[in-house]
Each structure stands twice: as C-alpha cells, then as structure tokens.
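Architecture at a glance
Each chain, letter by letter, is given below.
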Amino acid sequence: MKTLSAVAALLALTLPTALPTATLAQTVALPQGAVEGVTQYDVESFKGIPYAAPPVGDLRWRAPQAAPSWTGVRIADHFAPDCLQHPLRGDDAPLGVKPSEDCLYLNVWRPADTKPGAKLPVMVWVYGGGYVSGGTSPAIYNGKAFARDGIVFVSFNYRVGRFGFFGFPELTKEDADHGQLGDYAYMDMIAALKWVKANIAAFGGDPDQVTIFGESAGGAAMHTLLTSPQSKGLFNRAIIESGGGRGNLMGPRLLHDDRPGRPSGENVGVAFAKAHGIDGTGPAALKALRALPADAIVSGLGLADYQPDAYAGPMLDGHIVVEDPDKAYAAGRDAGVPVMVGATSGDLMPKFAADKDALFAGFGAEANAARKVYDPDGSAPLPLLNAEVGMDQVMEEPARLTAQALSAHGRTVYEYRFDYTASQKKAGSPFGAPHASELPFVFETVEARYGEAATAQDHAAARLMHAYWANFAKTGDPNGAGLPQWPAYDAAKDELLILTPDAGAEAVADPWKARLDVTARAADGASK
C-alpha cells in the first residue's frame, strides 16, 4: 500500500513542553442553572453537568429522572464520578476519578469564545467497556481536539453492570404501564441525547447536526440507537467502531422469557437476589435489593470477571431494544442517517478451539470452504486461525454486513479498517491492531496513551484519522482537502478505507472478502 509521507509530515504535531494555566471560561445559562467552565489553549470545557437525577435509593433501576436545578453559578471545572464498577486493572483507558452510583453527568468541550446560537456541529461520545466498565474521565477521551476543529464535543456517563442492566419481576409490575425496564444504560443514553437536543444550542452547538459515535460496547450501543423507536430524531449521523452488528454483541437475552441456555433478565435478577439472601419476587424483595450497598450490586463484576450467568447485560426489552440490528437494517427499519462503520485489524478474538477440526466444524456446512480460505495449505498456526475466525465472526463480517444492509436501502455508509499499530507496540502485535487501539488516534490523544514514547509517525496517524472523523461530523462525508479519498460503500465494489501500518490511508477492495464471504454464509445458515 502506498505511503503518504508528505501528508504525514503535514499532519505531524509538535507538542508544547508545558500546559498553559487554565482560566475560567464564560458562563453558559441553562434551564437548570448557570455553568462556568475553564479555558485552556483555545478550547473551553464544562465538566460534571448533571443531565439526570442521581439514580440512587428508590431511583436505582428506574428510568433517568429530571436533572436537578441549582442557584448561582456552578463551576464546571472537573469530572464528576464515573459510574460505579469494578475497574479493569491495566486498562488502556483508566478512570481518572473515583466511581460512584451517583454518576449521571456529562461534559462539553467547544472552541473558546463560542457564542450561543453559533450552530457548530456536535459529536456525542459513548464509551465502551463491555457494559460493565468505562467512563468519561479517561484522558484518551478528552474532547479538546474536536473542539479545536470547530466541533462542540459531548461525553456522558451511563450506568454499567447491574446498575445499567437488571430485570426483576417486581420491577416489571412497578413499571407495567411504561415499559421502561431492564436496559437502564440505554435509557441513560437516550436521556443524555435529549439533554443535548434541548441544551446544546446554549453552548453554540447545532441540535440538528448531532453525530453519535462509540466503540466496543459503545459501538454496539450505536446499533441500538440506530434501530430503537425511542431514539428517533435525536441524532443525524452515527459512527460504529468495533460494535458487531449480528444480533446483540453481548449475546441474545430476553427480559421476560428464557431462551435455551440463556435465562431471562428477570430470572437472572431473581438468582442474584437469592445469592444475597433475598427471597421472593415481590415488593419486599425489590425494596431489599434497592437497600443493598452499592458495592454489593457490583459484587466484583468486571471485564476480568464477566459472570455471564450472573449478569443480564443488554436485553430485548420490547420498548427500547425491539429487535436485533441486522434484522432491522435488512428491513430498512433504521434511523436513515449517514453511517461510518468498521473495526481494527486485530479486533476481539474470542475463539479458543482446541484444534483446527473443531474450529472449522463451527462453520457447519461451510466447514470445507472455510478451511480453504483460512488455511489453504494447512500450515497456518492454530492461534492465528482462532484469532482470524474469532474477529471475523464478531467484528469484521458484522461491520461489512451493516454497510451492505444500510447501503442497500440508500443510506450513505463509509466502511473502514484500522491497521495502524503505535510505534512502541509494533513488536508485540502479531495479529494486527488490537481492539480499541484506534481510540487515541480518533481523539488525537496519543500523548495521553503513550506519553513521550509516541513518535512523529504516531501523531501523523492520529491527525489523519481524526480528520476523517471530524469531517464526517461536520458534513456527513469524511473526505476533505489533503486526505486520501474514501468512497462511500458500494456492495458491488466492496471497498473500504484501510488506515495503513505506515500512517497512511488507502481505499481498496476488501482483501479479506473471501474470508468474510464464507463467514457470512455460515452465519446466515446458522440463523435459519
């Protein structure tokens, strides 16, 4: 693939040796009250603004309620707590604050001195973390680069773990008339988007130019928001990073009914209650659950200890999540907005087949065809095959499926694959760019992730990728002056943009087409 050394040289950053002192920003008047942020460089930030009431006490496992108001000016100069969780040790995006059950806050970055009504494009970030971890405080999610580029950037916290996804029979009775059940994290996302719609003009943002984007669990949330009747009209573009797309990324679960090997969300909740000495399924049991200490709700649940049989995760609830995204896309039941979708070249690899026969047997009737495309001469090592098959099934093929289905209904779609590995990580990346490794490049925060080890090439790769994301938020088209052309997806050509190992970019016919074709046929056959 061609290198773009001239572009890379133009995009390379020179970092300052010291940060300037932050000063108070201008005051923004909201219906809740006035907020005053801080100015640093040419960017203003407003952090820790409540978008809903604290979901504690009797509001645990309820839809988000109206945000509190205040008198005077609220100094919005620091992050509020991220949502309560059991953080992953060694996380590449470590939390910067102590988490709490009281966590429904958001943050805004904008160009300095932006006036109300300026109608700047808006980006709203949804973090990943397997729906059990994550937050807005990690340094790699800083929105300053987007604000520098003329965008009003918003990030918000949503409930994770059992605070965000929980079913229980009495909860169903308690909210029988509204259907606001089970998927409280998605309710938080919708509440935050409604806050943006109502309030972002006060920060100079355009409520009719809102781009939502997320990665991993946040990418999967994009599928939910693109297909939920409850989020209709709340955004105008979407970017899906490593979000799957065939069914529920975290597995198929219903709120009320069991599936084979997959108990309902309500039954998972009943089992959790019993494990904490709470019997019954009526009002007294729910009261006791709401009275449990917050740490008891976490109970060690995290990415390193996922507890799939003791945690419901996202569910088909019939109100917010009404069907799997691939089915909705195939029928044209989506938001009808421009979309960017893709994954990394060494994305999630959850296959652990003991031998090649077991691995290819998983393709069913396509077993022989799969062996021919993945291991044509029989020499490929099993770890590599497990990695390739796993990520193709979970991330790569579902991303292409999303592009195919949306474009078939006339939606404008851009597909990508991130294949750049940070300079200090190259020797340890035999399977390509790992899951989530694109994030500091999208946000142009490689210094926050790699510090002084970040090279000029790393910064050039970040400027290139960040420019595509910012352009898409501004116009619905990622292309711009000085950038390699990125064509909209056309199933007949099956082209995507690859962010290349040399910090460049090139649009090519998908080199993994044969792999993804056999993966698609196997998945379609298994669903019949």
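What you see is a predicted model; the values in this text were computed from it and never measured.

**Comments concerning the pairing of strand β7 (residues 152–156)**
Across the five residues of β7, five count as buried, placing the element largely inside the fold. Side chains V152, V154 and F156 project from β7 onto one buried face, and the interleaved F153 and S155 project onto a second face that is buried too. With four bridges connecting them, strand β5 (residues 105–111) and β7 associate as antiparallel partners. Note on β7: the bridge partner recorded for L106 is F156. Sheet topology places strand β6 (residues 120–126) next to β7; four bridges connect them, and they run parallel. Across the sheet, the residue bridging to W125 is S155, located in β7.

**A word on the confidence of the model for the protein chain**
Taken over all residues, the pLDDT of the protein chain has a mean of 92, while the share at 70 or more is 95%. The low-confidence segment residues 1–19, where pLDDT is below 50, has 28 contacts with residues more than four positions distant or belonging to other chains.

**A closer look at helix α7 (residues 265–275)**
For α7, the full list of buried residues reads G265, E266, V268, G269, V270, F272 and A273. Looking at the buried positions of α7, the neighbouring elements they touch are α3 (161–164), β8 (165–166), α4 (169–174), α8 (283–291) and α9 (294–298). Just downstream of α7, G277 is the residue with a positive phi angle, here 75 degrees.

**Considerations on unusual backbone geometry**
Although it is not a glycine, D113 sits at a positive phi angle of roughly 65 degrees. Backbone geometry at S216 places phi at a positive 60 degrees, although glycine is not the residue there. Residue position: S216 is located in the loop between β10 (205–215) and α6 (217–227). Residue classification places S216 among the buried positions, given a relative accessible area of 9%.

**A look at the side chain of E438**
Turning to its location among the elements, E438 is positioned in the loop between β13 (413–418) and α14 (439–442). Here E438 sits buried without a salt bridge, and the closest side chain of opposite charge, R449, lies 10 Å off (N-O distance). The contact partners of E438, leaving out residues within four places of it in the chain, are E215, E241, T344, Y416, F418 and M465.

**Let's talk about a nonpolar patch on the surface**
On the surface, L24, V73 and I75 cluster together into a nonpolar patch covering about 260 Å² of accessible area. Looking at the secondary structure, you find V73 in strand β4 (residues 73–75).

**Considering the packing of helix α5 (residues 184–199) against α6**
Packing of α5 against α6 brings their axes to within 11 Å, and their N-to-C directions diverge by 70 degrees. In this view, α5 runs roughly perpendicular relative to α6, as classed from their interaxial angle. Handedness of the crossing formed by α5 with α6: right-handed. Residues Y186, M189, I190 and L193 of α5 form the contact with α6, whose own contacting residues are A221, T224 and L225.

**Quick look at the pattern of salt bridges**
A side chain with one charge may pair with a side chain of the opposite charge, provided their charged atoms come close. Under the defined criterion, the tally for this structure stands at 28 salt bridges. A salt bridge links E388 to R515; the nearest nitrogen and oxygen atoms lie 3.7 Å apart. Of this pair, E388 sits in helix α13 (residues 382–408) while R515 sits in helix α17 (residues 513–526), and the two are 127 residues apart along the sequence. A relative accessible area of 10% means that R515 is categorised as buried. A salt bridge links D510 to R417, with the shortest nitrogen-to-oxygen separation between them at 2.9 Å. Of this pair, D510 sits in the loop between β15 (505–509) and α17 while R417 sits in strand β13, and the two are 93 residues apart along the sequence. With respect to burial, D510 and R417 carry one shared label: buried. Connected through shared salt-bridge partners, D58, R62, E174 and R290 make up one network.

**A short note on empty space enclosed by the protein**
All told, the structure shown has five cavities of 30 Å³ or more when counted by the stated rule. A volume near 210 Å³ is recorded for the largest cavity. Lining the largest cavity we find 25 residues, and of these T224, G247, N248, V321 and P325 sit closest to its centre. The element best represented in the lining of the largest cavity is α6, accounting for four residues. Of the residues that constitute the lining of the largest cavity, the class distribution is 12 nonpolar, nine polar and four charged.

Rules behind the numbers
Residues numbered from 1 in each chain as written. Predicted model: local features only at pLDDT ≥ 70, side-chain atom pairs only at ≥ 80, totals over all residues. Heavy atoms only, no water. Buried < 20%, exposed > 50% of the residue type's maximum accessible area, 1.4 Å probe, protein only. Helix = DSSP H or I, 4+ residues; strand = E, 2+ residues; numbered from the N terminus. Pairing = 2+ DSSP bridges. pLDDT = per-residue confidence, 0-100. Contact = heavy atoms within 4.5 Å. Lys, Arg positive; Asp, Glu negative; His and termini not counted. Salt bridge = Lys/Arg side-chain N within 4 Å of Asp/Glu carboxyl O. Patch = residues over 30% accessible without salt bridge, like charges linked within 9 Å, V, L, I, M, F, W, Y side chains within 5 Å. Areas by Shrake-Rupley, 256 points an atom, 1.4 Å probe, with all protein chains shown as cover. Axes fitted to C-alpha atoms, helices over the stretch in contact; angles between N-to-C directions. Parallel < 35°, antiparallel > 145°, perpendicular 65-115°, else oblique. Left-handed = near helix turned anticlockwise from the far one by under 90°. 1 Å grid on protein atoms, 1.4 Å probe; cavity = no way out; pocket = protein on both sides within 12 Å on 5 of 7 lines; lining within 4 Å. Points joined across faces, edges and corners; volume = space filled by probe spheres on them. Nonpolar A, V, L, I, M, F, W, Y, C, P; charged D, E, K, R; others polar.

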